[in-house]
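# Summary of the model geometry
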Amino acid sequence: MQKVNKILNNLKAEDKEIYLLYILPISLLAGSLIVNINILLLIIAFFLKTKKSLLVKAFSNKLIISLVIFNFYLIFNSILISDNSESIIRAVGFFRFILLAIAISFFINFKNSMYIKKIIYFWIIIIVITCLDVCIEKIFGSNILGFTSDYRGRIGSFTRDELNIGGFLFGFLSFFLFYIFTKKKFSLLGILFFFIIAFITGERANMLKILIILSFCFIFILELDIKKKISIILISFLCLFIFVNFDIDNELKKRYIGKIESIDFNSLENTIKNNKNLLHYSTAYEIFKQNKLFGIGIKNFRHKSGEKKYQIFEDRNGNSTHPHQIHFELLSELGLIGYLTMISILIYSIFKGIKLYLINKKNNLIELTTALFVLTSILPLLPSGSFFTTTTATFFWINFSFLIRRQFSFFS
């Protein structure tokens, strides 16, 4: 009872605005409307809480200036290149993610970073509950709220028909890793547990991204001798073999093994034709070739990708809402100018984060894990959500906020 009272008293003593950060993962599970409301409230709370002198200092930061310039380019591009109002709305709306990055940086630096561990610990609770919910849906066919997935072989969990639970896990993996490596004794079990959960979601692209990050951490951060690491790798492969071959409905085998078997190694043309992601990539590349400098305008792929002049096959169409790959999306919609601007900002931030970690590995671990997230998000060829869609963008800018937090240490 005393512990409960202590927790309640601590909550009462906290700045109430911090609750908006606590519930950020929950809002992402709830859907785009709730996320946008949460983002708006966070931004308002940031402006109400921050002194004008600190606001000036924040917007004088070179990285923020670069992002604002990119945002102006988006608006310029949408007005002059696009022919629909949606592009302009999206371009103007992108500014909220810049403000979100600054707002989160403010709150995690606030009062000498007193809230950062509390925020991450609260997020860990939500992540673990979500992981357990994935297991429940896999075993029983529906999650703890009764939601079921209509897409065989994939788990929806709390995201329901959006089927983005793999994206959720990938989006918060950096904070999970920060937690388990801080605790150390849970690190090995944590890596294996998270990998298994990611695998059974049935989301190939997000599972692969998660595997890449976990593998890096397993090799370079986890402190085990080489024999133990080899043993664990062999055990992991054995677990995968069991999951794939003893899956009751055989859907995991279809999702993973079936995809590899469908590749025609004798014909690149047939491989592209039979893979919808490769078709989107091909169409996006064709759009870029014909619009190299400025692209076709933000969020305009859905309107232009079905046009005959951008199709490389007579009997196949690469039409989609977006190219499903960040590089092809930026190149086709924003051209070389927008692409090089954004990618330069991200690569600079990644190197900056890794450098901070190498200088002080103990205190800057979160910089490494979030840098790995951003790096994996921009790996070529791996499918991804649209860079400008609310949910995908929110995951990205949350991680980015922690990656650049040291640049806003004056908020403390």
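Quick note: structure is the one above.
Every chain's residues receive numbers from 1 upward, in the order its sequence appears when written. Only residues with pLDDT of 70 or above have their local features reported here, since the model is predicted, and side-chain atom pairs are shown and tallied only from 80 upward, although totals for entire chains, interfaces and linings are computed over all residues. Side-chain figures throughout are based on the complete set of non-hydrogen atoms in the structure, without hydrogens or water.

Helix and strand definitions here come from DSSP, where helices need a minimum of 4 consecutive H or I residues and strands a minimum of 2 consecutive E residues; each element is numbered from the N-terminal end. The number of helices and strands found in the protein chain is 20 helices and zero strands. Taking 2.2 N^0.38 as the reference for a compact globule, 412 residues should give roughly 22 Å; the C-alpha atoms of the protein chain span a radius of gyration of 22 Å, in line with that estimate. For the C-alpha atoms alone, the extent of the protein chain along its principal axes is close to 70 × 55 × 45 Å. Burial status follows relative accessibility: with a 1.4 Å probe on protein chains alone, a residue under 20% of its type maximum counts as buried, one over 50% as exposed, and anything between as partly exposed. Counting only residues that meet the buried cut, the protein chain has 51% of its 412 residues in that class. The contact criterion used throughout is that any non-hydrogen atoms of two residues lie within 4.5 Å. Here the contacts in the protein chain between residues at least 6 apart in sequence split such that 73% fall between residues at least 24 apart. The method behind every accessible area is Shrake-Rupley, applied with a 1.4 Å probe, and residues are considered shielded solely by the protein chains displayed. Split by element, the accessible area of the protein chain, about 19,900 Å² in all, is 66% carbon and sulfur. Here the protein chain contributes 46 positively and 26 negatively charged side chains, and the mean placements of these two sets differ by 12 Å. With C-alpha atoms as the basis for the radius of gyration, the globule rule is written as 2.2 Å multiplied by the number of residues raised to the power 0.38. Asp and Glu count as negative and Lys and Arg as positive, but His and the ends of the chain are not part of the count. We put the charge of a Lys on NZ, of an Arg on CZ, of an Asp on CG and of a Glu on CD.

Further remarks concern the packing of aromatic side chains. Any pair of Phe, Tyr and Trp rings, taking the six-membered ring for Trp, is counted once the centres come within 6.5 Å. Such a pair is stacked with planes under 30 degrees apart, edge-to-face with planes over 60 apart, and tilted for the rest. For the structure on display, the rule yields 39 aromatic pairs. Three or more aromatic residues link up through ring pairs in this structure, and these residues are F70, F94, F97, F170, F373, F387, F388, F396, W397 and F400.

Buried Ala, Val, Leu, Ile, Met, Phe, Trp, Tyr and Cys residues form a nonpolar core when they are joined through side-chain atoms within 4.5 Å. Core analysis: the biggest nonpolar cluster contains 114 residues, and W397, F400 and F402 have the highest contact counts within it. Core analysis: the second largest hydrophobic core is formed by seven residues, Y281, A284, I296 and F301 among them.

Its identity as a non-glycine residue notwithstanding, S157 has a phi of 50°, on the positive side. By the secondary structure assignment, S157 is in the loop between helix 9 (116-140) and helix 10 (165-183). A positive phi is found at H324, a non-glycine position, where the angle reads about 65°. Assignment of secondary structure puts H324 in the loop between helix 17 (301-304) and helix 18 (326-359).

Here we take up the environment of D150. Residue placement: D150 occurs in the loop between helix 9 and helix 10. Residue D150 is classed as exposed on the basis of its relative accessible area of 68%.

Glancing now at the pattern of salt bridges. Two side chains with opposite charge may pair up if their charged atoms get near one another. Within this document, salt bridges are pairs made up of a side-chain nitrogen of Lys or Arg and a carboxyl oxygen of Asp or Glu, the two lying within 4 Å of each other. One pass over the structure, following the stated rule, counts seven salt bridges. Where K304 meets E307, a salt bridge forms, and the shortest distance between an N and an O atom there is 3.8 Å. Within this structure, E367, R405 and R406 form a network of salt bridges that share partners.

The next thing to look at is a nonpolar patch on the surface. Nonpolar side chains (Val, Leu, Ile, Met, Phe, Trp, Tyr) are joined into patches within 5 Å and like charges within 9 Å, using only residues with over 30% relative accessible area and no salt bridge. A contiguous nonpolar surface patch, about 620 Å² in accessible area, is contributed by I23, I26, F122, I125, I129, I144 and L145. Broken down by element, the residue count for the nonpolar patch peaks at three residues, all from helix 9. As for its position among the elements, L145 is in the loop between helix 9 and helix 10. On the basis of relative accessible area, L145 is assigned to the exposed category, the value being 54%.

With that settled, the discussion passes to helix 8 (residues 95-113). An α-helix turns once every 3.6 residues. As a result, residues three or four positions apart point the same way. By this rule, a helix spans an expected 1.5 Å times one less than how many residues it contains. In this model, helix 8 (19 residues) spans 25 Å end to end at C-alpha, consistent with the 27 Å of a helix rising 1.5 Å per residue. Note that bend, as reported per residue, equals the angle between axes fitted to the 7 residues terminating at that residue and the 7 residues originating from it. Of all the bends in helix 8, the largest measures some 25° and sits at F106. Of all 19 residues making up helix 8, 14 are buried, and the element is well covered by its neighbours.

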